[in-house]
Amino acid sequence: MSDQQTQLKQQAAERAVEFVQSGMVVGLGTGSTAIFATRRIGQLLADGQLKDIIGIATSRRTDEEARKLGIPLLPDDLPQPVDVTIDGADEIDPDFHLIKGGGGALLREKIVAQASSRFVVVADESKLSDKLGTNFRLPVEVLEFAWRSQLQFLESLGAKAEVRQNADGSRFLTDSGNLILDCDFGPIADPLELAASLGSRAGIVEHGLFLYMATDVIIAGQDGIRHLTGK
Ligand code: 5RP
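Please read all numbers here as calculations on a predicted model, not as lab measurements.

Conventions used here
- Residues numbered from 1 in each chain as written.
- Predicted model: local features only at pLDDT ≥ 70, side-chain atom pairs only at ≥ 80, totals over all residues.
- Heavy atoms only, no water.
- Helix = DSSP H or I, 4+ residues; strand = E, 2+ residues; numbered from the N terminus.
- Rg over C-alpha atoms; globule rule 2.2 N^0.38 Å.
- Buried < 20%, exposed > 50% of the residue type's maximum accessible area, 1.4 Å probe, protein only.
- Contact = heavy atoms within 4.5 Å.
- Areas by Shrake-Rupley, 256 points an atom, 1.4 Å probe, with all protein chains shown as cover.
- Lys, Arg positive; Asp, Glu negative; His and termini not counted.
- Charge placed at Lys NZ, Arg CZ, Asp CG, Glu CD.
- Near = heavy atom within 4 Å.
- Polar contact = N/O pair within 3.5 Å; in protein donor to acceptor, adjacent residues only side chain to side chain.
- Nonpolar A, V, L, I, M, F, W, Y, C, P; charged D, E, K, R; others polar.
- Arc of directions from axis to C-beta.
- Core = buried A, V, L, I, M, F, W, Y, C linked by side-chain atoms within 4.5 Å.
- Pairing = 2+ DSSP bridges.
- Right-handed = clockwise from strand over helix to strand, strands pointing away.

Trainee: Explain the overall build of the protein here, please?
Mentor: A tally of helices and strands in the protein yields six helices and 13 strands. Whereas a compact globule of 231 residues would reach a radius of gyration of roughly 17 Å, the protein reaches 17 Å, a difference of no more than 12%. Seen through its C-alpha atoms, the protein measures out along the principal axes to roughly 55 × 40 × 35 Å. Within the span of the protein, comprising 231 residues, buried residues form 52% of the whole. Here the analysis covers contacts within the protein between residues at least 6 apart in sequence; of these, 75% occur between residues at least 24 apart. Total accessible area on the protein stands at roughly 10,800 Å², and carbon and sulfur atoms take up 47% of it. Of the charged side chains in the protein, 23 are positive and 33 negative; the average position of the first set lies 2 Å away from that of the second.

Below, the structure written as structure tokens:
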């Protein structure tokens, strides 16, 4: 990742933190963009510009970072609604539909996003795409039990699918102990139809299509920062 892209990610994430007000419950996203929002919230809490924030982390990685920053966290049973969640995305289409899960945190990310009044997606402009699936494979989280049957099912839907691996060649396991199948569908003609097929298959725990969920998209690019809101 270039320094410039990192700067754009930081700009988008920090702009989104302007939506956070004292007293809010805030969903803390996962990834190299969302982490800048978590750090900024930690900073604003430390210098007293924000007070009484409670975070809910979308992954163990984010949980660890938030603890280091001194952000108070909700327990995992998510007992109250979330005011605003700030998270990244791998691909964003013109209807604000998303592919997420590049970091493998899609399950918790979707749970937290669905519990949020406002779901703010932050990204640099490279994430914009006319059709989901053009630039990024769709992550599908599956139970380890009988996972090969999910692989065959995904292939029957037209995907080239492979099990995500760690750098050392071992299988990547999500925070919930499941596998990720990265699925190359090419540009996805009908994300709603695909989401319905994936959602009705036993053994598929969750998929990375986040449809009709983003309320705001903050995009940082060469020409500045754009705040796009739902249609
Ligand atoms: C993690 C995600 C991330 O939000 C997504 O992969 C974007 O990551 P980054 O900000 O590092 O580009 O969905 O599961």
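Trainee: What am I meant to see in the site of the ligand here?
Mentor: Near the ligand, the surroundings consist of 17 residues, among which S32, T33, D90, G101 and K127 are the closest. With respect to the ligand, the side chain of K127 contributes an N or O atom lying 2.7 Å from an oxygen atom. Burial of the ligand by the protein chains amounts to 91% of its free accessible area of 380 Å². Classifying every residue of the shell around the ligand gives two nonpolar, nine polar and six charged.

Trainee: Got a minute to help me understand helix 3 (residues 60-69) in this structure?
Mentor: Since the α-helix advances by 3.6 residues per turn, residues separated by three or four positions end up pointing in the same direction. By the burial criterion, the buried members of helix 3 are T62, D63, E65 and A66. One face of helix 3 carries all of its buried residues, which in axial projection span an arc of 165°. Relative to its buried face, helix 3 has exposed residues pointing more than 90 degrees away, namely E64, R67 and K68. The inward-facing, buried residues of helix 3 contact strand 1 (25-28), helix 2 (34-46) and strand 2 (54-57). Just downstream of helix 3, G70 is the residue with a positive phi angle, here 80°.

Trainee: Explanation requested: unusual backbone geometry in the structure shown.
Mentor: Among all residues except glycine, the phi angle is most often negative; among peptide bonds, the trans geometry is most common. Positive phi is not limited to glycine here, since F96 has a value of about 70°. Positive phi, close to 60°, is recorded for A146, a residue that is not glycine. Relative to the helices and strands, A146 resides in the loop between strand 7 (138-142) and helix 5 (147-156).

Trainee: Help me understand the nonpolar core in this model?
Mentor: Across soluble globular proteins, nonpolar side chains have a tendency to be buried as a group. If you look at the biggest cluster of nonpolar residues, it comprises 26 residues, and the most contacted ones within it are V20, V26, I41, I53, I86, V120 and V122. In terms of residue count, helix 2 provides more of this core than any other element does, five residues in total. Discounting chain neighbours no more than four positions away, the residues touching V26 are V20, I41, I53, I54, G55, I56, V82 and V84. W147, V163, F185 and L194 belong to the second largest nonpolar core, which has 23 residues in total.

Trainee: Which parts of the structure should I look at to understand the pairing of strand 2?
Mentor: Sheet faces and side chains relate simply in a regular strand, where the side chains alternate between the two faces. Sheet topology note: the strand 1/strand 2 ladder contains four bridges and is parallel. From the neighbouring strand, L28 faces strand 2, where its bridge partner is A57. Read as a crossover between parallel neighbours, the route from strand 1 over helix 2 to strand 2 is right-handed.

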